Amino acid sequence: MLPKFLYILLLPLSVWANEHPHTFSQVDSVKMTHIHLDLKADFKTKTLSGIAQLTFKYIKPIESIILDTRALTINSVRADCKDKTPLSFKMGKEDKILGTPLIISNPNQCPQISINYKTSPQASGLQWLDKELTADKKYPFLFTQSEAIHGRSWIPMQDTPAIRVTYDATIYTPKALRAVMSAKNDPESPLSGVFHFNMPQAIPPYLIALAIGDLHYHSWVKRSGVYAEPALLEAAAKEFEDTPAMISATEKLYGPYPWQQYDLLILPPSFPFGGMENPRVSFITPTVIAGDKSLTSLISHELAHSWSGNLVTNGRWADIWLNEGITSYIENRIIESVYSRSLAKMEQVLSYQALQKDLAELDKKDQSLVLPLEGRDPDDAFTDVPYNKGALLMFYLEDKFGRQHLDNFLKGYFKQFSFKTITSPKFLNYLDEHLLKTYPKVGITSKNIRKWLYQPALPNDAVIPTSQRLQKVAEDIKKWNKTLSINSFSPKNWSYQEWVYFLNNIKQQLDVNSLAKLDKKYHLTQTGNAEIALAWFPIVIKNHYQAGYSAIEHHLISIGRRRLILPLYKLLAKDPILRDWGYQVFQKARPGYHPLAQGSVDKIFAKK
Ligand code: BES
Ligand code: ZN
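These figures come from a predicted structure and were not determined experimentally. (Residues numbered from 1 in each chain as written. Chains lettered and ligands numbered in written order. Predicted model: local features only at pLDDT ≥ 70, side-chain atom pairs only at ≥ 80, totals over all residues. Heavy atoms only, no water.)

(A) Structural context of the overall build of the chain. Along the chain, the regular secondary structure elements total 19 helices and 20 strands. Taken against the 2.2 N^0.38 rule, which gives 25 Å for 608 residues, the C-alpha radius of gyration of the chain at 25 Å falls within 12% of a compact globule. Referenced to the eigenvectors of the C-alpha coordinate spread, the extents of the chain come out at roughly 85 × 65 × 50 Å. Relative to its full complement of 608 residues, the chain shows a buried share of 58%. Look at the contacts in the chain between residues 6 or more apart in sequence, and 71% of them connect residues 24 or more apart. By element, 54% of the accessible surface of the chain is carried by carbon and sulfur atoms, the whole surface being about 25800 Å². Of the charged side chains in the chain, 71 are positive and 59 negative, and the gap between their average positions amounts to 3 Å. (Helix = DSSP H or I, 4+ residues; strand = E, 2+ residues; numbered from the N terminus. Rg over C-alpha atoms; globule rule 2.2 N^0.38 Å. Buried < 20%, exposed > 50% of the residue type's maximum accessible area, 1.4 Å probe, protein only. Contact = heavy atoms within 4.5 Å. Areas by Shrake-Rupley, 256 points an atom, 1.4 Å probe, with all protein chains shown as cover. Lys, Arg positive; Asp, Glu negative; His and termini not counted. Charge placed at Lys NZ, Arg CZ, Asp CG, Glu CD.)

Here it is in structure tokens:
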């Protein structure tokens, strides 16, 4: 306990601390409530141009409105009140992380303002793909990725999860292409070069999303289907056919699916993420089409965000664990429900190991669930901590209070905070009132939970996951490590999880002969499973196993998903023998990467 006078001295600090460090906008005085977009997608100049009309609700009188922008060209601004008066505006000082504030003078507090603008071809939230980089190689492709603070690179707006908006949009496209947005979509609307969208449910602005391409639709059931390029449509429809079962399983746990439609949209392989939970249509990397449904936990993850993230949203990026941690927990519950407990358990153990690895490398300050993000790019601090430590907190509560009580709590939480934002202190209060204090005999108080939120590492009483199937693999690992004999273990019917566990936990320094034996028997270099590749290629690199190099090159050139490429580039950049080669591969791959992935790999090679 601090002495009382210190509290009095320190209290004002919390008032001064910036509650919204990732936006220039004055969300305490004025809030955007609706966005209307009228945008033309020009694939020749790689620009979106047109109008964003923003509707505001004023809370306090203000003379000027400040919006977030990044690399936008603003042509004109007008007030859409009586006589559409032009408004004067200026660009403020550019900040490397936040972009440039657009300051609009608006003395009459007009509730509707239109901005005529154009994006930059390098917009951080857009990727314009030439046709060669798509699955069919026939038409170009555009997609947006706005989380965390890239929405401002294609819409001038209050780019903060602290507010919610409805939106509608008119999008002009080349005639042959289809536009899809995180809104009501009609997969049968004709290809006329113009598409209309309406999103009547209020969402945080980072969930506004657009994709344009040669997109076709396969429907599983009325409320769920998949968009993909023709070359991938059939494979995607088969791979993800359990999606409707996943929706029903989640509804059973946490209440009705709130967004009417749940579709998937398969992006080209340069998509820098595994998935993005854009409402009504999750964006998905094609690297999870493994042919055997083994990587579909990604779908359960993005689907779970329909509750944790999209319905109940982190109010600040510092609280991203409320989106990602609770989602990772629900993801696992969906896997258990649709597939099996043993599969879910294996995934828990793999996540736990990944977390341990991250914690070993991370600064203490980045090990707490609530992240110190002020002055930092949120992208840089999103590690396995908000995901896997966040999920472990949920497993801890499950263990202590019992599954039924935690399920009831979460169901109530989603209802209570539907279409609202939440911060960690608010969450803790709610948890205290509706779970901790309801069952005082369990003996968990908010003090225990605060450790998870504000302290590094894992609390001592965290529940460490175990898996019988992986314990068996651990036996095999021992045998292999001891004898390096290919007959010392028998991976019969191993799932990808078992393979990944094996590869991650065997002795990493091996002679090339043993590697060759392993590879020859189990075709690891040629695996079609991106997760197995991600576990095998580090071994190839660490041991300079040359037979694996061309597969690594192919992997790095054909995939832009950051989680699948950054660990490999990190190893290559550190390796005196392979660094130059790695850099050459990057130079070949770079034009096909998303701006975010380009930036991340640039950083890796900038370090000596
Ligand atoms: N919302 C995230 C992606 C994201 C997070 C984008 C932070 C920008 C900033 C998405 O739901 C996600 O977590 N994707 C993971 C999936 C995985 C954990 C199953 C990914 O892309 O790897
Ligand atoms: Zn997520």
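What follows continues from the structure just given.
(B) Region of the structure containing the site of ligand 1. Residues in close proximity to ligand 1 total 15 residues, the closest being Glu147, Gly274, Glu277, Glu302 and Tyr387. With respect to ligand 1, the side chain of Glu147 contributes an N or O atom lying 2.7 Å from a nitrogen atom. Between His305 and ligand 1, the recorded distance is 2.9 Å, taken from a side-chain N or O atom to an oxygen atom. Contact with the protein chains covers 89% of the free accessible surface of ligand 1, which is 520 Å². At the level of secondary structure, the elements contributing two or more residues to the shell around ligand 1 comprise strand S17 (275-276) and helix H4 (297-304). With three residues, the top contributor of residues to the shell around ligand 1 is H4. Residues belonging to the shell around ligand 1 are distributed by class as follows: five nonpolar, five polar and five charged. (Near = heavy atom within 4 Å. Polar contact = N/O pair within 3.5 Å; in protein donor to acceptor, adjacent residues only side chain to side chain. Nonpolar A, V, L, I, M, F, W, Y, C, P; charged D, E, K, R; others polar.)

(C) Region of interest: the coordination of the zinc ion (ligand 2). For the zinc ion (ligand 2), the full set of protein donor atoms is His301 (NE2), His305 (NE2) and Glu324 (OE), at a range of 1.9 to 2.1 Å. Sequence spacing of the donor residues for the zinc ion (ligand 2), all on one chain, is H-x3-H-x18-E. An identical accessibility class is assigned to His301 and His305; each is buried. (Donors = N, O, S within 2.8 Å, 3.2 Å for Na, K, Ca; no water.)

(D) Main features of the pattern of salt bridges. Counted under the stated rule, the structure contains 28 salt bridges. Put simply, Asp366 and Arg376 hold a salt bridge, and the shortest N to O gap is 2.9 Å. With Asp366 in the loop between helix H6 (341-361) and helix H7 (378-381) and Arg376 in the loop between H6 and H7, the pair connects residues that are ten residues apart, well separated along the chain. As far as burial versus exposure is concerned, Asp366 and Arg376 are alike and both buried. A single salt-bridge network, built from bridges that share partners, covers Arg333, Glu336, Arg341, Glu398, Arg403 and Asp407. (Salt bridge = Lys/Arg side-chain N within 4 Å of Asp/Glu carboxyl O.)

(E) Inspection of helix H16 (residues 549-558) at higher detail. Of all the residues in H16, the buried ones are Tyr549, Ala551, Ile552, Glu553, His555 and Leu556. Turning to H16, the residues buried within the fold contact helix H15 (530-542), helix H17 (562-574) and helix H18 (579-589).

(F) How the structure looks around the sheet that holds S17. The five strands lie next to each other as S14-S15-S16-S18-S17, forming an open sheet whose pairing is mixed. Both outer strands of the open sheet, strand S14 (216-221) and S17, are each paired with one neighbouring strand and no more. By the bridge criterion, four bridges tie strand S15 (residues 224-228) to strand S16 (residues 262-266) in an arrangement that is parallel. Pairing of Ser224 across the sheet is with Tyr262, part of S16. (Pairing = 2+ DSSP bridges.)

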